[in-house]
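A look at the structure
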Amino acid sequence: MSSEQTKNLKPDELTKIREHVKTMNDEMLIKFRNGFQPDTMGFDGEEGLVDE
């Protein structure tokens, strides 16, 4: 599932971010997480079930 923050990233870009996050200490991880804008954290696309 993608988010507004990641919807335009290629799979290899997402993999690089995941690998980088795995190497972060607590302080670095807090700074990384605080760098996101809350208004862009939503899911990309429709949410919930859709009746057809």
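See the structure shown above.
Let us look at the structure shown here. (Residues numbered from 1 in each chain as written. Predicted model: local features only at pLDDT ≥ 70, side-chain atom pairs only at ≥ 80, totals over all residues. Heavy atoms only, no water.)

**Re the overall build of the protein**
Secondary structure summary: the protein contains 2 helices and 0 strands in total. For the protein, with 52 residues in total, the buried portion stands at 6%. Summing over all exposed atoms, the protein offers an accessible surface of approximately 5100 Å²; the carbon and sulfur share of this is 51%. (Helix = DSSP H or I, 4+ residues; strand = E, 2+ residues; numbered from the N terminus. Buried < 20%, exposed > 50% of the residue type's maximum accessible area, 1.4 Å probe, protein only. Areas by Shrake-Rupley, 256 points an atom, 1.4 Å probe, with all protein chains shown as cover.)

**Digging into a nonpolar patch on the surface**
A cluster of nonpolar side chains, Leu9, Ile17 and Phe32, forms an exposed patch at the surface whose accessible area comes to about 210 Å². Within the secondary structure, Ile17 sits in helix 1 (residues 11–22). A relative accessible area of 36% means that Ile17 is categorised as partly exposed. (Patch = residues over 30% accessible without salt bridge, like charges linked within 9 Å, V, L, I, M, F, W, Y side chains within 5 Å. Salt bridge = Lys/Arg side-chain N within 4 Å of Asp/Glu carboxyl O.)

**Notes on the pattern of salt bridges**
Following the criterion strictly, the structure yields 1 salt bridge and no others. Salt-bridge contacts for Lys22 lead to Glu19; the nearest nitrogen and oxygen are separated by 3.5 Å. With Lys22 and Glu19 both in helix 1 and 3 residues apart, this pair spans about one turn of that helix.

**Here's the deal with the environment of Thr23**
Along the chain, Thr23 turns up in the loop between helix 1 and helix 2 (26–34). Here Thr23 falls in the exposed class, since its relative accessible area comes to 58%. One polar contact links the side chain of Thr23 to the main-chain carbonyl oxygen of His20, over a distance of 2.7 Å. (Polar contact = N/O pair within 3.5 Å; in protein donor to acceptor, adjacent residues only side chain to side chain.)

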